[in-house]
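Below, each chain spelled out in residue letters.
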Amino acid sequence: MPFRIRRHSYAEVGATLSALDSNAVPFPKGFLFGAATAAYQVEGSVDVGGRGVSIWDTFSHTSGKTVNGDTGDIACDHFLRLEEDLDLLAELGVRAYRFSVSWPRIQPTGKGPANPEGLDFYRRVVDGLRARGIVPVLTLYHWDLPQPLQDEGGWPQRDTVSRFAEYAGTVARALGGTVGRWITLNEPWCSAWLGYGSGHHAPGIRDIGKAVAATHHLLLAHGEAVQAIRSAVPAAEVGISLNLTPIRHATDHEDDVAAARRTDGNANRLFLDPVLTGSYPPDMLEHYQGSAPGFAVVRDGDLEVISRPLDFLGINYYTPQTVADEARTAQAMVAGYCVPTAEIDLISSDLHAVPVQRQAFRRTEMGWEVEPAALTELLDRLHQEYPHVPILLTENGAACADYVGQDGSVQDPERIRYLDGHLRAVLQAREAGSDVRGYFVWSLMDNFEWAYGYSKRFGLVWIDYPTRTRIPKDSFRWYAQTVRANALLPTVEATAGFRA
Ligand code: GCO
């Protein structure tokens with residue numbers, strides 16, 4: 001049954017706004033409100049326009065790797081429905097759109113000259129955004145490494161760094177005239193540690209030493225790309241998007257505190273320190289000493305490349321994480337935590353740190369605890385420990401148990417509450433001095449959630465997968481209102497307003 005897309009009138013929204021003005025919480029003028037997606041998660045058309053095969057094509061087509069065996073073959077069909085999606089962005093009213101370029105569309109084998117059809121697609125994306133007054137924010141790498149490069153060893157191999165620098169230069173020369181904001185890598189922790197450590201993501205390898213080597217080469221590739229972008233587009237603003245999370249200890253016992261410190265080293269400092277201070281954390285150098293090839297791949301001069309100055313730091317934040325020392329899970333349970341019954345992954349077992357969760361705590365459909373104050377905590381820490389770099393929240397959002405109601409609408413008050421709470425957390429951090437300049441909702445639309453396939457919905461727009469029909473959810477209207485007002489409205493009224 002085709003769903004009806006409900007349109008709403010901004011005259012009505014305007015009326016609601018003026019009535020609520022006195023209680024609105026304003027954002028600074030020019031705050032960059034946006035929405036984000038990534039190529040493999042939305043585009044589909046994987047064998048169209050000369051695109052090559054990526055590690056995610058291979059991985060998702062390998063039995064048992066994704067929920068339901070889902071793949072990105074069609075995804076949201078964004079490649080073919082570009083204009084419709086650009087119109088949705090215009091209706092949403094966002095000032096910026098963060099998207100990623102699929103490396104195998106540009107270089108089908110990961111090297112050599114650019115595929116003109118691939119570049120043409122992203123030219124249409126960028127021109128379509130600019131025609132609608134939306135700022136393009138381009139991510140070069142959101143995990144879709146060309147398969148031929150993985151066949152030669154992938155990120156644990158140093159040669160992949162030169163390949164990436166070449167790709168970055170190619171895209172920068174082609175699109176530099178129209179794209180001013182560039183993100184080199186999205187969440188290199190996930191590429192290195194889920195890809196080569198736990199094996200939960202493509203290419204599905206489980207090897208701590210390779211995960212460390214992949215970390216270094218990804219960071220080096222980032223540094224080389226910064227240079228490649230700057231030489232093609234001198235005025236470009238360049239950054240990297242790191243997934244960061246405050247790490248807590250289940251109890252104050254010294255072993256739990258030490259486990260949290262190790263986990264923080266792996267999840268946060270292993271990336272922040274080299275990029276922003278030009279050195280690896282000494283405790284991590286020591287911890288991974290016995291894992292070959294590990295840090296043995298580091299060469300003289302690499303850290304200068306990795307720490308080239310950035311115009312902004314992108315942060316993807318979703319949830320805090322608590323850990324217990326692996327020998328203290330019983331005490332963690334006594335302290336009110338749930339301990340996973342499934343086998344813990346290679347990354348955690350190597351760190352001797354078990355991730356635990358507070359009992360009866362609010363969680364999203366990903367099972368992630370909802371705690372906006374943890375975002376303020378993270379931003380405060382960055383401001384204290386790594387000052388002087390402006391911040392863009394390049395991802396934040398929630399997977400909810402959405403469904404289409406009988407009237408054809410999708411009501412998602414939980415997502416609205418999540419976004420509202422986290423935007424308030426951003427404002428709080430700004431008050432304490434944090435230089436956060438923008439915020440991108442993950443995601444514009446429901447999409448391929450990696451190993452979870454289509455089972456998790458993060459979108460402001462519902463995708464009816466059998467027909468690929470788009471239905472803006474209530475959160476879409478709420479965000480549109482927030483962006484237009486450049487302010488947060490009192491949550492309860494804001495939520496209720498859409499149903500009038
Ligand atoms: C990531 C990616 C996104 C995800 C989102 C929700 O963090 O995994 O950047 O591609 O879809 O974060 O998990």
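Up top is the structure.
This section reports on the structure supplied with the text. (Residues numbered from 1 in each chain as written. Predicted model: local features only at pLDDT ≥ 70, side-chain atom pairs only at ≥ 80, totals over all residues. Heavy atoms only, no water.)

Moving on: the overall build of the chain. When helices and strands are tallied, the chain shows 19 helices and 16 strands. A compact globule built from 500 residues should have a C-alpha radius of gyration of about 23 Å, and the chain, at 22 Å, falls within 12% of that. Taking the principal axes of its C-alpha atoms as reference, the chain extends roughly 65 × 60 × 45 Å. Residue burial in the chain is summarised as follows: out of 500 residues, 61% are buried. Within the chain, residue pairs in contact and separated by at least 24 positions form 77% of the contacts whose partners lie at least 6 positions apart. (Helix = DSSP H or I, 4+ residues; strand = E, 2+ residues; numbered from the N terminus. Rg over C-alpha atoms; globule rule 2.2 N^0.38 Å. Buried < 20%, exposed > 50% of the residue type's maximum accessible area, 1.4 Å probe, protein only. Contact = heavy atoms within 4.5 Å.)

The subject of this paragraph is the pairing of strand S11 (residues 353–358). Sheet analysis places strand S9 (residues 321–325) next to S11, joined by four bridges and oriented antiparallel. Paired with Val323 across the strands is Pro355, a residue of S11. Across two bridges, strand S10 (residues 337–338) lies against S11 in antiparallel orientation. Counterpart to Tyr337 in the pairing with S11 is Arg358. (Pairing = 2+ DSSP bridges.)

Turning our eyes to something else, we now look at the site of the ligand. In the region of the ligand, 13 residues are neighbours, and Gln41, Glu187, Tyr318, Glu395 and Glu449 sit closest. In the environment of the ligand, an oxygen atom lies 2.6 Å from a nitrogen or oxygen atom belonging to the side chain of Glu395. A distance of 2.9 Å separates an oxygen atom of the ligand from a polar atom in the side chain of Trp450. Within the complex, the protein chains bury 94% of what would otherwise be the 310 Å² of accessible surface of the ligand. When the residues that make up the shell around the ligand are grouped by side-chain class, the tally is six nonpolar, four polar and three charged. (Near = heavy atom within 4 Å. Polar contact = N/O pair within 3.5 Å; in protein donor to acceptor, adjacent residues only side chain to side chain. Areas by Shrake-Rupley, 256 points an atom, 1.4 Å probe, with all protein chains shown as cover. Nonpolar A, V, L, I, M, F, W, Y, C, P; charged D, E, K, R; others polar.)

Here we take up the state of the cysteines. Under the criterion given, the structure shown has zero disulfides. Looking at Cys190, it has no disulfide partner, and the nearest cysteine sulfur is the one in Cys76, 19 Å off. No disulfide involves Cys338; its sulfur sits 20 Å from the nearest other cysteine sulfur, which is in Cys400. (Disulfide = S-S within 2.5 Å.)

Within the secondary structure, Ser434 is located in the loop between helix H17 (413–431) and strand S13 (436–442). Relative accessible area serves as the criterion here: at 3%, Ser434 is assigned to the buried category. Along the primary structure Ser434 and Val126 are separated by 308 residues, whereas in three dimensions their C-alpha atoms are 30 Å apart.

Mapped onto the fold, Glu369 is located in the loop between S11 and helix H16 (372–385). For the pair formed by Glu369 and Thr319, sequence separation is 50 residues and the distance between their alpha carbons is 5.7 Å. Residues in contact with Glu369, not counting those within four places in the same chain, are Tyr318, Thr319, Pro320, Gln357, Arg358, Phe361, Arg362 and Arg363. A polar atom in the side chain of Glu369 sits 2.6 Å from the side chain of Arg358.

A few words on the pairing of strand S2 (residues 32–36). Regular strands place their side chains on alternate faces of the sheet. For S2, the tally of buried residues reaches five of five residues, placing the bulk of the element in the interior. Side chains Leu32, Gly34 and Ala36 of S2 all project onto a buried face; the interleaved residues Phe33 and Ala35 project onto the opposite face, where all are buried too. In terms of strand pairing, S2 meets S13 through five bridges, oriented parallel. Note that in S13 the partner of Leu32 across the bridge is Gly438.

Between H17 and helix H18 (residues 474–485), whose axes approach to 9 Å, the crossing angle comes to 30°. The angle between the axes of H17 and H18 places the two elements in the roughly parallel class. On H18, the residues touching Arg415, Ile416, Leu419, Asp420 and Leu423 of H17 are Asp474, Ser475, Trp478, Tyr479 and Thr482. The residue makeup of the contact of H17 with H18, split by class, is five nonpolar, two polar and three charged. (Axes fitted to C-alpha atoms, helices over the stretch in contact; angles between N-to-C directions. Parallel < 35°, antiparallel > 145°, perpendicular 65-115°, else oblique.)

Right, let's talk about the packing of aromatic side chains for a bit. Each aromatic ring pair is characterised by the separation of its centres together with the angle its planes make. If you walk through the whole model with that rule in mind, you get 31 aromatic pairs. On the basis of an interplanar angle of 20° and a centroid distance of 6.3 Å, the ring pair of Tyr40 and Trp450 is categorised as stacked. Placement of the pair is Tyr40 in helix H2 (residues 39–42) and Trp450 in the loop between S13 and strand S14 (461–464), with a sequence separation of 410 residues. Each of the two residues, Tyr40 as well as Trp450, counts as buried. Ring geometry for Trp193 against Tyr288: centres 5.3 Å apart, planes inclined by 45°, an arrangement best described as tilted. Placement of Trp193 in helix H9 (residues 188–196) and of Tyr288 in the loop between helix H12 (282–287) and helix H13 (302–306) is noted, with a sequence separation of 95 residues between them. Taken individually, Trp193 and Tyr288 each receive the classification buried, so the pair is uniform in this respect. Cluster of aromatic residues (ring-pair linked, three or more members): Tyr40, Trp56, Phe59, Trp143, Phe448, Trp450, Tyr454 and Tyr465. Positioned above the aromatic ring of Phe361 is the side chain of Arg358, whose terminal nitrogen or guanidinium carbon lies 3.9 Å from the ring centre. (Phe/Tyr/Trp six-rings, centres within 6.5 Å; stacked < 30°, edge-to-face > 60°. Lys NZ or Arg CZ within 6 Å of the ring centre and 35° of its normal.)

Paired through their backbone hydrogen bonds, the strands of a sheet run either parallel or antiparallel. Spatial strand order, S2-S3-S4-S5-S6-S8-S12-S13: eight strands in a closed barrel with parallel pairing. Across this sheet, the average inter-strand angle for adjacent strands is 25°, counted without regard to direction. In this structure, S2 lies alongside strand S3 (residues 96–100), joined through three bridges in parallel fashion. Of the residues in S3, the one forming a bridge with Ala36 is Arg98.

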